[in-house]
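# Architecture and fold: a report
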Amino acid sequence: RTIVSNQISSSLPLVHADSTQLWRVLNNLITNALKHNPPGIELTLNAVVKVNTLHISVADNGIGIAPKHQEGLFELYTRGDRAHYMPGLGIGLYLCRQIIIAHGGEIGCDSYPKQGSTFWFTLPLSAE
């Protein structure tokens, strides 16, 4: 069983973005959290405004990622130590980065072993 806490407000400011591509990013981040952690984790989805950007995050309280594996997370064909037991090509986070960069944002990860991971991305706010 996974507990999901959606803390994303319905009254956020507008961003210019392709909703299909942003859904791909969120879907990948959520799927990765579920795939790379044991059952029973808690996921927290959040979005806040920070200095003309929308900062979106997917946080878990899972196993975390060792510092030596964090550096290349968003590179093409990068897979974790345990990933050889799971399907995938190692392109998901790479595509997420390409989508977010194309939208003028940034993407990253803050993670600590045995404490969980927070994957986040930013999008510029709409001028409207």
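From a predicted model like this one, the values you see are computed outputs, not experimental measurements. (Residues numbered from 1 in each chain as written. Predicted model: local features only at pLDDT ≥ 70, side-chain atom pairs only at ≥ 80, totals over all residues. Heavy atoms only, no water.)

Another aspect to go through is the packing of aromatic side chains. The description of an aromatic ring pair uses the distance of the two centres, along with the angle that the planes make with each other. Scanning the model with the defined rule gives one aromatic pair in all. On the numbers, 6.2 Å between centres and 70 degrees between planes, the contact of Phe 74 with Phe 119 is edge-to-face. Within this pair, whereas Phe 74 is found in the loop between α2 (67–70) and α3 (92–102), its partner Phe 119 is found in strand β5 (residues 116–124), the two being separated by 45 residues in sequence. Residue Phe 74 is classed as buried on the basis of its relative accessible area, which comes to 10%. (Phe/Tyr/Trp six-rings, centres within 6.5 Å; stacked < 30°, edge-to-face > 60°. Helix = DSSP H or I, 4+ residues; strand = E, 2+ residues; numbered from the N terminus. Buried < 20%, exposed > 50% of the residue type's maximum accessible area, 1.4 Å probe, protein only.)

In space, the five strands of this open sheet follow the order β1-β2-β3-β5-β4, with mixed pairing throughout. At either margin of the open sheet sits one strand with a lone partner, and together these are β1 (3–6) and β4 (107–112). Mean inter-strand twist for the sheet, computed between neighbouring axes without regard to direction, equals 15 degrees. Sheet analysis places strand β3 (residues 53–60) next to β5, joined by seven bridges and oriented antiparallel. By the bridge assignment, Ser 57 is partnered in β5 with Trp 120. Seen against the sheet, helix α1 (residues 19–35) touches β2 (42–50), β3 and β5 and runs at an angle of roughly 175 degrees to β5. (Pairing = 2+ DSSP bridges. Axes fitted to C-alpha atoms, helices over the stretch in contact; angles between N-to-C directions. Contact = heavy atoms within 4.5 Å.)

Time to look at the pairing of β4. Relative to β5, β4 runs antiparallel, the two sharing six bridges. Of the residues in β5, the one forming a bridge with Cys 109 is Phe 119. Linking two consecutive strands that pair antiparallel, namely β4 and β5, is a turn of three residues; a positive phi of about 65 degrees is found at Lys 114 within it.

Next up on the list: the side chain of Ser 57. One can find Ser 57 in strand β3. Overall, the relative accessible area of 13% leaves Ser 57 in the buried class. In contact with Ser 57, other than residues within four places in its own chain, are Thr 44, Leu 45, Asn 46, Thr 118, Phe 119 and Trp 120.

All right, on to the environment of Leu 54 then. Of note, Leu 54 is situated in strand β3. Sequence-wise, Leu 54 and Pro 124 are 70 residues apart; in three dimensions their C-alpha atoms are separated by 6.3 Å. In this view, Leu 54 contacts Leu 12, Val 15, Ala 47, Val 48, Val 49, Phe 121, Thr 122, Leu 123 and Leu 125; residues no more than four positions away in its chain are not counted.

Listing the buried residues of α3 in full gives Leu 93, Cys 96, Arg 97, Ile 99 and Ile 100. Buried residues of α3 fall within an arc of 165 degrees about the axis and therefore sit on the same side. Buried residues along α3 sit against α1, β4 and β5. The positive-phi residue at the C-terminal boundary of α3 is Gly 104, with phi of around 85 degrees. (Arc of directions from axis to C-beta.)

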